[in-house]
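# Overview (structure and organization)
Next come the chains, spelled out residue by residue.
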Amino acid sequence: MIMVVASSHNQCHLTHIRQKICEVILTPRSTVKNVGAALDATLSMEAQVSSVVKKMYFNIRRNFKVLSHPTQEACAKVISATVVGHLDYHNALLGIIDRQMHRLQMAKNNAARCLTRTCYRNNILPMFQQLHWLPLRQRDVFKVLTTIHKSLHTLSAPTCMRELCPIYQPHRTLRSSSCLLYTSPSPRDLSTSRMPSSA
């Protein structure tokens with residue numbers, strides 16, 4: 001199974017590609033799965049987002065029938081595990097377009113409305129504050145910053161993470177010296193860190 005990645009404009013020129021391996025002819029596919037994530041040929045993540053949204057709405061409808069019986073705290077745990085938990089898997093959806101992010105955000109909004117039993121016309125932000133949830137953009141930023149913080153302050157963190165985000169150390173004493181800031185690596189630093197070291 002092979003997939004040729006190209007822009008949507010160049011996809012029409014790649015339909016004739018064939019690869020022959022041991023008398024087996026392989027043709028490119030528009031969508032493949034890798035470690036559970038659905039990747040399409042243009043890397044727009046549309047197939048992955050559609051799969052996640054479908055699973056979220058399926059679990060929202062299934063949980064809506066039983067949410068009236070347990071307490072709200074138990075309902076929140078059920079919704080977090082069966083609905084919102086799908087957003088945590090393959091959360092490298094940081095680069096998806098706003099239309100796909102909007103679909104994920106709408107599914108999360110409906111999960112919050114199902115849990116709090118509120119009308120769809122009501123503002124969603126008070127519900128998020130009540131449930132201690134974050135909107136998706138802020139949630140992704142929070143998860144990235146949490147990963148960076150844990151990688152720099154725990155001994156079990158990989159060495160490559162500590163090397164990519166070192167702690168900011170100015171050349172002279174500044175007020176920001178005690179703020180525990182991180183330095184963002186430049187593209188040049190990233191490219192040199194991936195090069196094999198010479199013996």
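Residues numbered from 1 in each chain as written. Predicted model: local features only at pLDDT ≥ 70, side-chain atom pairs only at ≥ 80, totals over all residues. Heavy atoms only, no water.

## Brief notes about the overall build of the protein chain
Along the protein chain, the regular secondary structure elements total seven helices and four strands. Across the protein chain, helices and strands are ordered from the amino to the carboxyl terminus as β-β-β-β-α-α-α-α-α-α-α. Looking at the protein chain as a whole, 25% of its 199 residues are labelled buried. Long-range contacts, defined as pairs at least 24 residues apart, comprise 54% of the intrachain contacts of the protein chain with a sequence gap of at least 6. In the structure as shown, the protein chain presents an accessible area of about 14100 Å², 59% of it carried by carbon and sulfur atoms. (Helix = DSSP H or I, 4+ residues; strand = E, 2+ residues; numbered from the N terminus. Buried < 20%, exposed > 50% of the residue type's maximum accessible area, 1.4 Å probe, protein only. Contact = heavy atoms within 4.5 Å. Areas by Shrake-Rupley, 256 points an atom, 1.4 Å probe, with all protein chains shown as cover.)

## Thoughts on the packing of helix α1 (residues 46-64) against helix α2 (residues 72-88)
Where α1 meets α2, the axes come as close as 8 Å, and the angle between the chain directions of the two elements is 170 degrees. Relative to α2, α1 is oriented roughly antiparallel. Between α1, through Val52, Lys55, Met56, Asn59, Ile60 and Asn63, and α2, the contact on the second element is made entirely by Val78, Ile79, Thr82, Val83, His86 and Leu87. Class assignment for the residues of the contact of α1 with α2 results in seven nonpolar, four polar and one charged. (Axes fitted to C-alpha atoms, helices over the stretch in contact; angles between N-to-C directions. Parallel < 35°, antiparallel > 145°, perpendicular 65-115°, else oblique. Nonpolar A, V, L, I, M, F, W, Y, C, P; charged D, E, K, R; others polar.)

## Quick word on α1
Over its 19 residues, α1 runs 27 Å from end to end, which matches the ideal 27 Å to within 8%, given 1.5 Å per residue. Contact partners of the buried residues in α1: β4 (37-40), α2 and α3 (98-116). (Expected span 1.5 Å × (residues − 1).)

## A closer look at the packing of aromatic side chains
Scanning all chains against the criterion turns up one aromatic pair. Between phenylalanine 128 and tryptophan 133 the ring centres are 6.0 Å apart and the planes differ by 70 degrees, which places this aromatic pair in the edge-to-face class. (Phe/Tyr/Trp six-rings, centres within 6.5 Å; stacked < 30°, edge-to-face > 60°.)

## Regarding the side chain of arginine 113
Inspection of the secondary structure assignment puts arginine 113 in helix α3. Buried charge arginine 113 goes without a salt bridge, the closest partner of opposite sign being aspartate 140 at 18 Å. If we skip the residues at most four places from it in the chain, arginine 113 touches Thr118, Cys119, Tyr120, Asn122, Ile124 and Met127. (Lys, Arg positive; Asp, Glu negative; His and termini not counted. Salt bridge = Lys/Arg side-chain N within 4 Å of Asp/Glu carboxyl O.)

## So, the pattern of salt bridges
For the coordinates displayed, the defined rule picks out one salt bridge. In this structure, arginine 137 and aspartate 98 form a salt bridge, with 2.8 Å as the shortest nitrogen-oxygen distance. Of this pair, arginine 137 sits in helix α5 (residues 136-153) while aspartate 98 is found in helix α3, placing the two residues 39 residues apart along the sequence. Residue classification places arginine 137 among the partly exposed positions, given a relative accessible area of 35%. Looking at aspartate 98, the relative accessible area reads 57%, which means it is exposed.

## Structural notes on the side chain of glutamine 105
The residue glutamine 105 is located in helix α3 in this model. Setting aside anything within four residues of it in sequence, one finds glutamine 105 in contact with Phe128, Pro135 and Leu136.

## Overview of the confidence of the model for the protein chain
This prediction gives the protein chain a mean pLDDT of 76; 78% of its residues lie at or above 70. Within the model, pLDDT remains below 50 along residues 195-199, and this stretch shows zero contacts once partners closer than five positions in the same chain are excluded. (pLDDT = per-residue confidence, 0-100.)

## Some words on the packing of α1 against α3
Where α1 contacts α3, the axes come no closer than 10 Å and their chain directions differ by 10 degrees. With respect to α3, the axis of α1 lies roughly parallel. Residue-level contacts link Glu46, Val49, Ser50, Val52, Val53, Met56, Tyr57, Ile60 and Phe64 of α1 to Arg99, Gln100, Arg103, Leu104, Met106, Ala107, Lys108, Asn110, Ala111 and Cys114 of α3. Looking at the contact of α1 with α3 residue by residue, the class counts come to twelve nonpolar, three polar and four charged.

## Focus: unusual backbone geometry
You will see that arginine 117, though not glycine, has its phi angle at about 55 degrees, which is positive. For arginine 117, the position within the fold is in the loop between α3 and α4 (125-131). Relative accessible area serves as the criterion here: at 45%, arginine 117 is assigned to the partly exposed category. At histidine 132, a position not held by glycine, the phi torsion is positive, near 60 degrees. Mapped onto the elements of the fold, histidine 132 is located in the loop between α4 and α5. The exposure class of histidine 132 is exposed, given its relative accessible area of 72%.

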